[in-house]
Each structure stands twice: as structure tokens, then as C-alpha cells.
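Working through the structure, step by step
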Amino acid sequence: MSKPLKLPIYRSTNFTFHDFNDMQAALYGDSKDYFYARDGHPTVENLEKKLLSFEPADFSFVFASGMAAISAGLLSVLGEGDHVIVQEEVYGPTRLLFEEYFPSFGVTSSFVDVTNLTAVEKAIKAETELVYVETPSPFTNKLCNLEGLRKMADNYELTIMADNSAGFGFLQASRFADLVAVSLSKYPAGDSQILGGALFGNEMWREPVEMERSTFGGVMMPWDAKHLYDELMEMPERLSHIAHNAYNLQELLKVDERVKNVYYPVMDSSKPSPVGGFVTAEFDMSLSDLPMFVDKLELFKKGVFWGGTTPVVTPLLASYRVDVLKSWGLSPNLVRFYTGDVNAEELYQDISKALS
Ligand SMILES: *Cc1c(COP(=O)(O)O)cnc(C)c1O
């Protein structure tokens with residue numbers, strides 16, 4: 001029998017049964033038969049299997065967005081009275097979860113520089129349940145020592161959850177973390193047409209995560225799963241261009257004296273392996289000159305998105321007020337560049353022109 005070249009899609013949210021026994025087995029959870037797309041869907045499952053080739057965990061569940069996946073992980077692990085050590089530099093909406101939502105459910109958190117193992121160890125309390133990290137970090141691209149954190153977590157019986165959205169396709173956080181969340185809206189979607197999220201984990205978290213997804217209902221639709229599945233086939237080549245451009249751009253910025261600091265993550269300095277398409281630079285300019293500099297850039301779109309082929313500029317000052325950035329230990333002069341598929345030399349010329 002011949003096979004379709006592309007993944008077929010089942011555009012049905014409901015499934016019917018042959019007889020009473022089949023129906024009862026499915027609804028009792030004794031068989032794996034599908035019955036309703038909120039509880040599992042064949043096209044979505046194809047995507048889940050495919051994703052495991054990038055992040056080899058025991059399972060992956062796909063969600064309607066990265067935030068739905070992050071929430072699912074946190075709600076599966078945390079309960080009243082628990083304390084969480086959260087990476088100081090963390091994705092904004094995730095920070096809101098810890099600052100605004102979890103306290104009302106009796107979950108407290110401490111924001112800590114998780115790249116510093118001593119600081120993490122100092123923050124551990126009797127109630128600490130989880131260490132939540134994001135690698136690379138969203139603004140200054142810091143990589144955390146997941147292996148070191150794993151050892152510490154084992155000593156203190158803690159769970160590690162990582163947001164690996166910015167490292168997806170470059171580093172496999174599930175080698176050391178118990179749960180790994182990834183926004184599929186970024187590198188996997190690439191072209192800015194799909195929102196999605198995935199949560200990976202080891203076997204002990206499979207049931208709680210699956211139950212969270214069925215009950216809270218943040219599921220992905222089959223068409224989006226099929227689209228993402230096809231995009232994933234092209235992702236490795238796209239990522240290698242993006243990282244190549246970013247690595248070269250940071251090399252050019254590093255030797256430009258108008259740039260005070262450049263942040264770009266590289267794994268294993270003996271054989272440098274660039275991680276991702278973000279280059280964050282700190283400029284030696286007054287804050288009043290920053291908007292004009294950003295407006296003079298021609299190749300970079302102004303926005304907060306990334307992951308596709310479009311170069312994007314995100315000045316931190318456009319997202320957060322000066323006092324907020326300073327309270328996180330960040331300079332308001334930081335500008336995050338996402339290179340996309342435009343080559344480094346052209347991007348550097350654009351930045352250089354806007355600086356002069
Ligand atoms: C975008 C993003 C998320 C959230 O993903 P959505 O798909 O937008 O919900 C989480 N973490 C990081 C690092 C992100 O960049």
C-alpha cells in the first residue's frame with residue numbers, strides 16, 4: 001500500500017465507538033481509543049512524537065500556547081505551602097504567574113540568579129519543591145549549569161523545570177530537568193502563524209500533566225499540529241542559519257567600541273557551539289538617544305516576536321520601565337536583536353548606520 005508523503009490530518013474533534021464495550025473501555029481509561037480532542041487527538045499525537053526527536057524525554061504533550069504548557073507543568077508540581085526558586089531573569093508572563101497568581105494558592109517564590117549554584121543552595125528552604133529555570137535567559141542570554149543544578153536537586157529532593165523555548169533545537173534540557181516547557185510559537189512555528197506549546201517530562205509526571213491538560217483544556221487544534229509538524233521538518237536547517245548569523249553578528253559587535261557589552265550564549269568554548277538567534281547589546285548612549293537609534297534601524301522589525309526568518313529588534317526599555325529593569329539588575333540600555341535569516345554583515349551595517 002502506498003503512503004501519503006505529508007502527514008494526513010484528522011479534522012474531527014469527536015470519535016465514535018463500535019459498541020458499548022469499546023466505549024466503556026475508552027471512557028474508563030482502559031483503552032487508548034480517542035473520544036474527544038481535549039483528551040487526545042491522533043494528529044496532535046503525531047506532533048508530540050516528532051517533538052521527542054528534539055527533546056528526548058519520556059513524553060511530550062502539546063498545548064495551545066507556551067504559557068499553557070508552562071502553567072500545566074507548574075500546576076502539576078505545586079501545591080499549597082510549596083516554595084519555588086525562580087530564575088531572576090525570566091519571561092514576563094511567567095514572572096506574573098509567580099508574583100500575581102501562585103501566592104493566592106499558598107505558593108511562594110524567591111527570584112534567584114540560578115546561574116550561580118551557591119546562590120541557589122542558599123535560597124533552599126524546607127518547603128522548597130521546585131527550581132524553575134529558563135535557559136538561555138531571556139535578556140542577557142545566560143546559560144545555566146543544568147548538570148550542577150541536577151546534582152543539587154537530587155541532594156535536596158527538588159524538582160527542576162526548565163523553559164527551553166530559546167534553546168529548543170540547540171540544547172536538550174530534558175537530560176537534566178524533570179519537566180521542560182517549550183513555546184512552539186517561536187522556532188518551531190517560524191513563520192508567525194501558529195501559537196503552541198509543548199511540555200516534556202519524565203515518566204512520573206505523565207499522568208498529572210495529561211490530567212491537567214484534559215481538565216484545564218489548553219489543547220492545540222489538529223490543523224495547527226499538522227502545520228507545526230511540517231514546519232519542524234525544515235527547522236534544523238533554519239536554526240543553523242539563524243545561529244550562524246547571530247554568532248557572526250556578536251563577533252562584529254564585540255569589536256565595535258560604541259557597544260559596551262555583548263551577550264551571546266556559546267556552549268563548550270573549546271569547540272564553540274552557538275545557541276540561538278538572539279544577540280543582546282548594551283550601548284554607550286543616553287536613554288534619550290535610544291528611541292532614535294531604534295527608529296533608524298531599517299532591517300529589523302520592531303516587536304517582541306522571534307523564531308522565524310525576520311530580523312527583530314526589542315529594546316528592553318520598550319517593554320519595561322527603567323526602575324523595573326534596574327530592580328532586576330539590568331541596564332535600560334540593553335537592546336535585543338534577533339537575526340532571522342539575514343546575514344550578519346548586513347545587519348551589522350544597519351546597526352552601525354543607526355549608531356552614527
Ligand atoms: C514566547 C515565550 C513563552 C510563551 O510562549 P507562548 O507560546 O507565547 O505562550 C515562554 N517562554 C519564553 C522564553 C518565550 O519566549
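Calculation notes
Residues numbered from 1 in each chain as written. Predicted model: local features only at pLDDT ≥ 70, side-chain atom pairs only at ≥ 80, totals over all residues. Heavy atoms only, no water. Buried < 20%, exposed > 50% of the residue type's maximum accessible area, 1.4 Å probe, protein only. Helix = DSSP H or I, 4+ residues; strand = E, 2+ residues; numbered from the N terminus. Contact = heavy atoms within 4.5 Å. Near = heavy atom within 4 Å. Polar contact = N/O pair within 3.5 Å; in protein donor to acceptor, adjacent residues only side chain to side chain. Areas by Shrake-Rupley, 256 points an atom, 1.4 Å probe, with all protein chains shown as cover. Nonpolar A, V, L, I, M, F, W, Y, C, P; charged D, E, K, R; others polar. Axes fitted to C-alpha atoms, helices over the stretch in contact; angles between N-to-C directions. Left-handed = near helix turned anticlockwise from the far one by under 90°. Pairing = 2+ DSSP bridges. Salt bridge = Lys/Arg side-chain N within 4 Å of Asp/Glu carboxyl O. Expected span 1.5 Å × (residues − 1). Bend = angle between axes of the 7 residues up to and from the residue. Core = buried A, V, L, I, M, F, W, Y, C linked by side-chain atoms within 4.5 Å. Patch = residues over 30% accessible without salt bridge, like charges linked within 9 Å, V, L, I, M, F, W, Y side chains within 5 Å. Parallel < 35°, antiparallel > 145°, perpendicular 65-115°, else oblique.

With that settled, the discussion passes to helix 7 (residues 206-216). Every buried residue belonging to helix 7 is among Val 209, Glu 212, Arg 213 and Ser 214, and all of these are buried. Among the structural elements, helix 2 (42-51), strand 1 (59-63), helix 3 (66-77), strand 6 (179-183) and strand 7 (197-201) are those in contact with the buried residues of helix 7. Gly 217 sits one or two positions beyond helix 7 and adopts a positive phi of about 85°.

Around the ligand, 13 residues are found, and the nearest of them are Gly 66, Met 67, Asp 163, Ser 185 and Lys 186. Within the backbone of Met 67, an N or O atom sits 2.8 Å from an oxygen atom of the ligand. One nitrogen or oxygen atom from the side chain of Ser 185 is found 2.6 Å from an oxygen atom belonging to the ligand. Bound to the protein, the ligand loses 90% of the 380 Å² it would expose on its own. Among the elements that make up the shell around the ligand, the one with the highest residue count is helix 3 (three residues). Looking at the shell around the ligand, its residues break down into four nonpolar, six polar and three charged.

Before going further, it helps to examine the packing of helix 3 against helix 4 (residues 92-101). Where helix 3 contacts helix 4, the two axes come as close as 11 Å, and the packing angle between them is 30°. Relative to helix 4, the crossing made by helix 3 is right-handed. Contact residues: helix 3 offers Met 67, Ile 70, Ser 71 and Leu 74, while helix 4 offers Pro 93, Thr 94, Leu 97 and Phe 98. Residues belonging to the contact of helix 3 with helix 4 are distributed by class as follows: six nonpolar, two polar and no charged.

Within a sheet, adjacent strands bond to each other through the backbone by hydrogen bonds, running parallel or antiparallel. Pairing in this open sheet of five strands is mixed, and the strands run 8-11-14-13-12 from one edge to the other. Edge positions in the open sheet fall to strand 8 (259-263) and strand 12 (301-302), since each of these has one partner strand only. For strand 13 (residues 312-315) and strand 14 (residues 334-338), the ladder comprises four bridges, and the chain directions are antiparallel. Following the sheet pairing, Pro 315 is matched in strand 14 by Val 335. Set on the sheet, helix 8 (residues 222-254) makes contact with strand 8, strand 11 (278-283) and strand 14; between it and strand 11 the angle comes to about 20°.

With that out of the way, let us pick up the pattern of salt bridges. By the definition in use, this model includes 12 salt bridges. We note a salt bridge from Lys 142 to Asp 113, for which the minimum N-O separation is 3.9 Å. Here the residue Lys 142 occupies a position in the loop between strand 4 (128-134) and helix 6 (146-156), and Asp 113 occupies one in the loop between strand 3 (108-112) and helix 5 (117-123), the gap between them amounting to 29 residues. Judged by relative accessible area, Lys 142 falls into the partly exposed class, the value being 32%. Residue class for Asp 113 comes out partly exposed when judged on its relative accessible area of 24%. Ionic contacts of the salt-bridge type, sharing partners, join the residues Arg 150, Asp 154 and Asp 178 into one network.

With 33 residues, helix 8 should reach 48 Å at 1.5 Å per residue; the first-to-last C-alpha distance of 45 Å fits that figure. Of all the bends in helix 8, the largest measures some 50° and sits at Glu 234, one to four residues before the proline Pro 236.

Moving on to the nonpolar core. Within soluble globular proteins, side chains that are nonpolar generally end up buried alongside one another. In terms of nonpolar packing, the biggest core is built from 76 residues, with Leu 47, Phe 293 and Phe 337 touching the most fellow members. When residues in this core are grouped by element, the largest group, 11 residues, is from helix 8. Apart from residues no more than four positions distant in its own chain, Phe 293 is found in contact with Phe 283, Met 285, Phe 337, Ile 351, Ala 354 and Leu 355. Core analysis: the second largest hydrophobic core is formed by 25 residues, Phe 63, Ala 68, Val 84 and Ala 181 among them.

Take unusual backbone geometry next. Cis rather than trans, the peptide bond between Thr 135 and Pro 136 has omega equal to -5°. Assignment of secondary structure puts Pro 136 in the loop between strand 4 and helix 6. The backbone of Asn 141 shows a phi angle near 55°, a positive value even though the residue is not glycine. Here Asn 141 lies in the loop between strand 4 and helix 6.

The subject of this paragraph is a nonpolar patch on the surface. Taken together, Met 23, Leu 27 and Tyr 28 make up a surface patch of nonpolar side chains, about 340 Å² in accessible area. Along the chain, the position of Met 23 falls in helix 1 (residues 20-28). Judged by relative accessible area, which is 41%, Met 23 ranks as partly exposed.

With that settled, the discussion passes to the packing of helix 2 against helix 8. Packed helix pairs are characterised by how far apart their axes lie and by the angle those axes make with each other. For the pair helix 2 and helix 8, the least separation of the axes is 8 Å and the interaxial angle reads 30°. Put simply, helix 2 runs roughly parallel to helix 8. Pair helix 2 / helix 8 crosses with left-handed handedness. Between helix 2 and helix 8, the residues in contact are Thr 43, Val 44, Asn 46, Leu 47, Lys 50 and Leu 51 and Pro 222, Ala 225, Lys 226, Leu 228, Tyr 229, Leu 232 and Met 233, respectively. Within the contact of helix 2 with helix 8, the residues separate by chemical class into nine nonpolar, two polar and two charged.

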